[in-house]
Amino acid sequence: MFGYFITALAGIFWIFRLIVALMFTTDASFPIVPINMTFEIIVLFVTFVCIIFIAKRKMIGAVIYLIAQCAYFGVDAYKALEVITSGQAVQTSNYVTLLISFIAIIIPVLAIMNIGLSSGKKGSMKNRKTDWFYGTTDYDRNLDDRADKNQYKF
């Protein structure tokens with residue numbers, strides 16, 4: 001269930017970034033502007049593919065998603081933190097930019113944690129009470145030449 005939530009959150013954030021890019025290209029007034037429009041479009045395409053991989057529970061998609069988001073939003077978050085800590089943040093847009101950058105970085109981290117934790121559960125689904133009998137091949141039924149191999153379908 002948490003995987004669906006993370007995938008939906010990543011999709012909503014992707015749609016939000018798409019709206020930001022469209023608003024920037026139409027020269028409409030919007031409080032959030034992309035850092036670099038060319039890199040923003042590249043990140044949007046890479047993110048879309050990675051969200052599909054995350055929906056299919058592939059770890060490589062989550063890792064590439066984290067790398068792309070940290071490469072784009074990490075620089076923006078660092079610049080916003082630098083402005084805020086120096087005391088020059090008189091505009092609230094620096095705080096909004098920092099919040100958006102934080103959300104953009106935390107979503108792929110949560111996706112990696114979710115995929116990693118769910119894939120680790122598959123190997124531990126053993127029933128220790130019956131593995132001594134059913135977990136081995138010693139008790140498999142061996143058929144000989146006289147065995148009835150008909151399937152009797154009507």
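Our subject is the structure listed above.
Read on for a plain summary of the structure. (Residues numbered from 1 in each chain as written. Predicted model: local features only at pLDDT ≥ 70, side-chain atom pairs only at ≥ 80, totals over all residues. Heavy atoms only, no water.)

1. A look at the overall build of the protein
Inference 1: A count of helices and strands for the protein gives 5 helices and 0 strands.
Inference 2: Reading the secondary structure of the protein in the N-to-C direction produces α-α-α-α-α.
Inference 3: Within the protein, the fraction of its 154 residues that count as buried is 27%.
Inference 4: Expressed as a percentage of contacts within the protein between residues at least 6 apart in sequence, the contacts between residues at least 24 apart total 64%.
Inference 5: Of the accessible surface of the protein, which amounts to about 11300 Å², a share of 66% is contributed by carbon and sulfur atoms. (Helix = DSSP H or I, 4+ residues; strand = E, 2+ residues; numbered from the N terminus. Buried < 20%, exposed > 50% of the residue type's maximum accessible area, 1.4 Å probe, protein only. Contact = heavy atoms within 4.5 Å. Areas by Shrake-Rupley, 256 points an atom, 1.4 Å probe, with all protein chains shown as cover.)

2. Topic: the packing of helix α2 (residues 37-55) against helix α3 (residues 59-85)
Inference 1: Closest axis-to-axis distance for the α2/α3 pair is 8 Å, and the angle between their directions is 155°. On the basis of the axis angle, α2 is roughly antiparallel to α3. The crossing of α2 and α3 is left-handed. When α2 is examined against α3, the residues Phe 39, Glu 40, Val 43, Val 46, Thr 47, Cys 50, Phe 53 and Ile 54 are found in contact with a partner set consisting of Gly 61, Ala 62, Ile 64, Tyr 65, Ala 68, Gln 69, Ala 71 and Tyr 72. (Axes fitted to C-alpha atoms, helices over the stretch in contact; angles between N-to-C directions. Parallel < 35°, antiparallel > 145°, perpendicular 65-115°, else oblique. Left-handed = near helix turned anticlockwise from the far one by under 90°.)

3. Thoughts on the side chain of Thr 47
Inference 1: Note on placement: Thr 47 falls in helix α2.
Inference 2: If sequence neighbours within four positions are ignored, Thr 47 has contacts with Trp 14, Tyr 65 and Gln 69.

4. Description of the nonpolar core
Side chains that are nonpolar tend, in soluble globular proteins, to be buried together.
Inference 1: Residues Phe 13, Ile 54, Tyr 65 and Phe 73 are the most contacted members of the largest nonpolar core, which totals 22 residues.
Inference 2: Contributions of two or more residues to this core are made by α1 (2-25), α2, α3 and α4 (93-120).
Inference 3: Apart from residues lying up to four places away in sequence, Ile 54 is in contact with Thr 7, Gly 61, Ala 62, Tyr 65, Ala 111 and Ile 115. (Core = buried A, V, L, I, M, F, W, Y, C linked by side-chain atoms within 4.5 Å.)

5. Side note on α1
Inference 1: Spanning 24 residues, α1 covers 35 Å between terminal C-alpha atoms, matching the ideal 34 Å at 1.5 Å per step.
Inference 2: Among the residues of α1, Gly 3, Ile 6, Thr 7, Ala 10, Gly 11, Phe 13, Trp 14, Arg 17, Val 20 and Ala 21 are the ones counted as buried.
Inference 3: One or two residues past the end of α1 sits Asp 27, with phi positive at roughly 60°. (Expected span 1.5 Å × (residues − 1).)

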